[in-house]
Amino acid sequence: MDVDAIVANLAERDRWKARLGALQKELRGLRTQRTRLEGQLQRLARELKRLETMSSDLVRTAPRNTSGEAGGHGSVSPFRAIR
């Protein structure tokens, strides 16, 4: 093996090491981002569950207007009017 071939092999090795370092850095960034997004998803899931419970409780405990709106002339609705 001549000196030029050795130098070329060393340069190629250095390029591959640099590529590997860049890919490892990007992988660490993606893992960090994934962890952060998983936390956000868990918070959203808890909030959705809380809202589901709240809405179920509201529907269950809301008084029903059996005569309908406008003095008995409107449609009967299980929803409470917000004014």
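See above for the structure.
Residues numbered from 1 in each chain as written. Predicted model: local features only at pLDDT ≥ 70, side-chain atom pairs only at ≥ 80, totals over all residues. Heavy atoms only, no water.

K.L.:
Explain the overall build of the chain here, please?
P.N.:
Counting secondary structure elements, the chain contains two helices and zero strands. Put simply, the chain has 83 residues, and 4% of those count as buried. Only carbon and sulfur atoms are counted for the fraction: they give 60% of the accessible area of the chain, which is about 7800 Å². (Helix = DSSP H or I, 4+ residues; strand = E, 2+ residues; numbered from the N terminus. Buried < 20%, exposed > 50% of the residue type's maximum accessible area, 1.4 Å probe, protein only. Areas by Shrake-Rupley, 256 points an atom, 1.4 Å probe, with all protein chains shown as cover.)

K.L.:
Explain the pattern of salt bridges to me, please; I cannot follow it from the model alone.
P.N.:
Any two side chains of opposite charge can pair if their charged atoms end up close together. If you walk through the whole model with that rule in mind, you get six salt bridges. Where R13 meets D14, a salt bridge forms, and the shortest distance between an N and an O atom there is 3.4 Å. Judged by its relative accessible area of 46%, R13 falls in the partly exposed class. Since its relative accessible area comes to 41%, D14 is described here as partly exposed. (Salt bridge = Lys/Arg side-chain N within 4 Å of Asp/Glu carboxyl O.)

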